[in-house]
Amino acid sequence: MSLEGQHPVQLNELYRQVIMDHYARPRNKQPIADPTAAVHLMNPTCGDEITVQLRVEEGKVTGASFQGRGCSISQASASMMTVMLTGKTVAEAETAIRKFLGMMKGEPGPHKELGELQALQGVARYPVRIKCATLAWHAAEQGLQQATV
Ligand code: ZN
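Residues numbered from 1 in each chain as written. Predicted model: local features only at pLDDT ≥ 70, side-chain atom pairs only at ≥ 80, totals over all residues. Heavy atoms only, no water.

*Asks:* Help me understand the pairing of strand E1 (residues 37–43) in this model?
*Replies:* Regular strands show a simple pattern: their side chains alternate between the two faces of the sheet. A one-sided burial pattern is seen for E1, the buried positions being Ala37, Val39, Leu41 and Asn43 and the unburied ones Ala38, His40 and Met42. Counted between consecutive antiparallel strands, the loop separating E1 from strand E2 (residues 48–57) contains four residues, among which glycine 47 sits at a positive phi close to 90°. (Buried < 20%, exposed > 50% of the residue type's maximum accessible area, 1.4 Å probe, protein only. Helix = DSSP H or I, 4+ residues; strand = E, 2+ residues; numbered from the N terminus. Pairing = 2+ DSSP bridges.)

*Asks:* Whenever I open this one, the coordination of the zinc ion confuses me. Can you help?
*Replies:* When a metal carries six donors in an octahedron, the ideal angles between them are 90 or 180 degrees, while four donors in a tetrahedron ideally lie at 109.5 degrees. Taken together, the protein donors to the zinc ion comprise Cys46 (SG), Asp48 (OD), Asp48 (OD), Cys71 (SG) and Cys132 (SG), at separations of 2.1 to 2.7 Å. Counting residues between consecutive donors of the zinc ion along the chain gives the motif C-x1-D-x22-C-x60-C. On the criterion of sequence distance, the pair formed by cysteine 71 in the loop between strand E3 (60–69) and helix H2 (72–85) and cysteine 132 in helix H4 (residues 127–147) is long-range, its members being 61 residues apart. (Donors = N, O, S within 2.8 Å, 3.2 Å for Na, K, Ca; no water.)

*Asks:* What is the right way to read the nonpolar core from this model?
*Replies:* Among soluble globular proteins, nonpolar side chains are generally buried collectively. Core analysis: the biggest nonpolar cluster contains 45 residues, and Val52, Phe100, Leu120 and Trp137 have the highest contact counts within it. Sorting the residues of this core by element identifies helix H1 (8–24), E1, E2, E3, H2, helix H3 (90–104) and H4 as the ones contributing at least two each. Aside from chain neighbours lying at most four places away, what touches valine 52 is Ala37, Ala38, Val39, Ser65, Phe66, Met81, Ala136, Ala139 and Ala140. (Core = buried A, V, L, I, M, F, W, Y, C linked by side-chain atoms within 4.5 Å. Contact = heavy atoms within 4.5 Å.)

*Asks:* Got a minute to help me understand the packing of H2 against H4 in this structure?
*Replies:* When two helices pack together, their arrangement is given by the angle between the helix axes and the distance between those axes. Remark: H2 packs on H4, axes separated minimally by 8 Å, with the N-to-C direction vectors making an angle of 35°. Crossing handedness for the pair H2 and H4: right-handed. Of the residues in H4, those in contact with Ile73, Ser74, Ser77, Ala78, Met81, Met84 and Leu85 of H2 are Arg129, Cys132, Ala133, Ala136, Trp137 and Ala140. Of the residues belonging to the contact of H2 with H4, the class tally is 10 nonpolar, two polar and one charged. (Axes fitted to C-alpha atoms, helices over the stretch in contact; angles between N-to-C directions. Left-handed = near helix turned anticlockwise from the far one by under 90°. Nonpolar A, V, L, I, M, F, W, Y, C, P; charged D, E, K, R; others polar.)

*Asks:* I would appreciate a short explanation of the environment of glycine 143 in the present structure.
*Replies:* Its place among the elements puts glycine 143 in helix H4. Once the C-alpha coordinates of glycine 143 and valine 90 are considered, the two residues, 53 residues apart in sequence, prove to be 11 Å apart.

*Asks:* Would you mind showing me how to read H2 here?
*Replies:* Residues lying three or four places apart along an α-helix face the same way, a consequence of the helix completing one turn every 3.6 residues. With 14 residues, H2 ought to run about 20 Å at 1.5 Å a step, and its terminal C-alpha atoms sit 20 Å apart, in line with that. Counting buried residues along H2, 12 of its 14 residues qualify, which places the element largely inside the surrounding structure. Those residues of H2 lying buried are Ile73, Ser74, Gln75, Ala76, Ser77, Ala78, Ser79, Met80, Met81, Thr82, Met84 and Leu85. Where H2 ends, the next residue or the one after it, glycine 87, has phi of about 95°, a positive value. (Expected span 1.5 Å × (residues − 1).)

*Asks:* Sorry, what's going on with the layout of surface pockets here?
*Replies:* Summary: where empty space remains is shown by rolling a probe the size of a single water molecule over the atoms. In this structure, the largest pocket spans a volume of roughly 270 Å³. Asn12, Tyr15, Ala119, Gly122 and Val123 are the residues nearest the centre of the largest pocket, which is lined by 13 residues in total. Breaking the lining of the largest pocket down by element, the ones donating at least two residues are H1 and H2. The dominant element in the lining of the largest pocket, judged by the number of residues it contributes, is H1, at five residues. (1 Å grid on protein atoms, 1.4 Å probe; cavity = no way out; pocket = protein on both sides within 12 Å on 5 of 7 lines; lining within 4 Å. Points joined across faces, edges and corners; volume = space filled by probe spheres on them.)

*Asks:* Help me understand H4, please; the structure alone is not making it clear to me.
*Replies:* Helix length check: H4 (21 residues) gives 30 Å between terminal C-alpha atoms against 30 Å at 1.5 Å per residue, within 8%. Those residues of H4 lying buried are Cys132, Ala133, Thr134, Leu135, Ala136, Trp137, Ala139, Ala140, Gly143, Leu144 and Ala147.

*Asks:* Where do I start with the pattern of salt bridges in this structure?
*Replies:* A pair can form between side chains of opposite charge whenever their charged atoms are brought close. In total, this model carries six salt bridges according to the counting rule given. We note a salt bridge from arginine 25 to aspartate 21, for which the minimum N-O separation is 2.2 Å. The class for arginine 25 is exposed, based on a relative accessible area of 54%. Residue arginine 27 is joined to aspartate 21 by a salt bridge in which the shortest nitrogen-to-oxygen separation is 2.7 Å. Exposure remark for arginine 27: the relative accessible area of 28% places this residue in the partly exposed category. Using a relative accessible area of 22% as the deciding quantity, one classes aspartate 21 as partly exposed. (Salt bridge = Lys/Arg side-chain N within 4 Å of Asp/Glu carboxyl O.)

Structure, rendered in structure tokens:
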């Protein structure tokens with residue numbers, strides 16, 4: 001799906017649809033076989049809870065999944081993250097995580113390389129919700145460290 005050339009109002013609606021689609025039909029929301037790392041994190045201010053599982057083989061993320069419950073932002077972000085990280089090398093995955101966390105800290109764009117994750121860019125304006133969006137990513141960050149020790 002192209003997110004370019006959209007009128008801002010249409011873009012906001014498109015972003016909302018991307019988030020709701022991942023919330024309603026989460027990708028990779030099941031345990032994976034033979035995970036090399038599993039990290040459970042909570043965001044008490046919102047009640048979000050997430051376990052991210054990763055399988056890293058020969059420097060590559062060959063599996064990424066999540067389980068948990070929480071608000072639409074936390075769940076959609078986790079779903080999109082598992083799609084983004086699967087198939088990447090560990091170095092690429094670390095770069096993607098750094099870029100996403102940077103976007104959520106309000107680093108100026110464009111953030112085209114984050115693809116549909118740009119849908120969460122607007123959340124950076126709401127400090128309370130940033131933790132919802134970044135929860136899974138912090139779990140993945142720790143998971144990559146576990147998996148590559
Ligand atoms: Zn939340």
